[in-house]
Amino acid sequence: MDESVAKLDERFSDPGAEATPWATAREVLETAQVSWVTTVRADGRPHVTPLVAVWLDAAVHFTTGPGEQKAANLAGNPHVVITTGCNSWDQGLDVIVEGEAKRVTDRTMLERLAAVWATKWDGQWRFGVVDGGFAHPDADLDGLVLVFAVKPAKVLAFAKGPFSQTRYRPS
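Described below are features of the structure shown in this document.

About the thresholds
- Residues numbered from 1 in each chain as written.
- Predicted model: local features only at pLDDT ≥ 70, side-chain atom pairs only at ≥ 80, totals over all residues.
- Heavy atoms only, no water.
- Buried < 20%, exposed > 50% of the residue type's maximum accessible area, 1.4 Å probe, protein only.
- Helix = DSSP H or I, 4+ residues; strand = E, 2+ residues; numbered from the N terminus.
- Pairing = 2+ DSSP bridges.
- Phe/Tyr/Trp six-rings, centres within 6.5 Å; stacked < 30°, edge-to-face > 60°.
- Salt bridge = Lys/Arg side-chain N within 4 Å of Asp/Glu carboxyl O.
- Contact = heavy atoms within 4.5 Å.

Observations concerning the pairing of strand E11 (residues 164–168)
Within E11, 4 of the 5 residues are buried, which leaves the element mostly enclosed by the surrounding structure. Two elements, strand E1 (residues 7–8) and E11, share 2 bridges in a ladder whose sense is antiparallel. Residue pairing for E11: Leu8 is matched across the bridge by Thr166. In terms of strand pairing, strand E10 (residues 144–159) meets E11 through 5 bridges, oriented antiparallel. In the strand pairing of E11, Ala157 is matched with Thr166.

Focus: the packing of aromatic side chains
Considering all chains together, one arrives at 9 aromatic pairs under this definition. On the basis of an interplanar angle of 85° and a centroid distance of 5.8 Å, the ring pair of Trp117 and Phe127 is categorised as edge-to-face. Linking Trp117 in helix H3 (residues 107–117) with Phe127 in the loop between H3 and strand E8 (128–130), this pair joins segments that are 10 residues apart in sequence. There is no split in this pair, since Trp117 and Phe127 are both buried. Look at Trp117 and Phe134: their rings are 5.6 Å apart centre to centre, the planes differ by 90°, and that puts the pair in the edge-to-face class. In this pair, Trp117 sits in helix H3 while Phe134 sits in strand E9 (residues 133–135), placing the two residues 17 residues apart along the sequence. The residues Trp117 and Phe134 share a single accessibility class, namely buried.

Some words on the pattern of salt bridges
A full pass over the atoms with the stated rule returns 9 salt bridges. Of the charged contacts in the structure, one is a salt bridge between Arg112 and Asp57, with a shortest N-O distance of 2.6 Å. Of the two residues, Arg112 is situated in helix H3 and Asp57 in the loop between strand E4 (54–56) and strand E5 (59–64); the sequence distance between them amounts to 55 residues. With a relative accessible area of 38%, Asp57 lands in the partly exposed category. A salt bridge links Arg107 to Asp131, with the shortest nitrogen-to-oxygen separation between them at 3.7 Å. On the criterion of sequence distance, the pair formed by Arg107 in helix H3 and Asp131 in the loop between E8 and E9 is long-range, its members being 24 residues apart. What makes Arg107 partly exposed here is its relative accessible area of 38%. Judged by relative accessible area, Asp131 falls into the exposed class, the value being 69%. Residues joined by salt bridges that share partners form a network here, namely Arg107, Glu111 and Asp131.

Focus: the environment of Ala32
Tracing the backbone through its elements, the reader meets Ala32 in the loop between helix H1 (22–31) and strand E2 (35–40). The exposure class of Ala32 is buried, given its relative accessible area of 9%. Residues Ala32 and Trp121 lie 89 residues apart in sequence; the distance between their C-alpha atoms is 9.8 Å. Not counting the four nearest positions on each side in its chain, Ala32 is found in contact with Ala53, Thr84 and Lys120.

Quick look at the pairing of strand E6 (residues 79–84)
Burial along E6 is one-sided: Val80, Ile82 and Thr84 are buried, while His79, Val81 and Thr83, pointing the other way, are not. Note: E2 against E6, 3 bridges, orientation antiparallel. Paired with Thr38 across the bridge in E6 is Val81.

Keep in mind these values describe shape, not function.
Set out below in C-alpha cells:
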C-alpha cells in the first residue's frame, strides 16, 4: 500500500476534511487489540467473529481452528472483511480491509508471524510453529491452528471528528 493511492470520499466526509494518511490507517491495523473477521457461509449468510489479528508484510493475518465456522466458510469462499477501530462516535479511526484469505504454511513466515503475535496483549498470544500452521500452547486446545493472510484489495478508513472516509487501493 502506498500513500499516493489514498483518496478522500467527499460524499461521506465533513467539509474541509482531509484524507487519512496511509501510515495512520496502517498504525491502527498494527496496534489493534481486537479485530472482527466477516466470512461468508455456504448459504451466502455472513459470519462475523472477533479475533486477534496482526499486520505483517502488507497483509492482515488471523488464525482459526480447522473445525471452526471460519475455516468451513473459507474453504468455500475466501472473500473476507477485517474490521477494527473503536466504538466511539466522535473520535478515533475505524479501518476495514477487504480481500481474499490465503492459507500461510511457509515455516519461515509462520515463525515471523508467531513473533508478531507474541507482542499482542503483553505477550499473551503465543503460538508454537508446526508443519502447516501453529500449535496452540494451551493444553486444553489440542491440534493445528490454521493461519491466513489477507492482502488488501481495498482498505477504507473512517475518521471521526472531523468525519471522513478515505479509500486506499494497493499500488
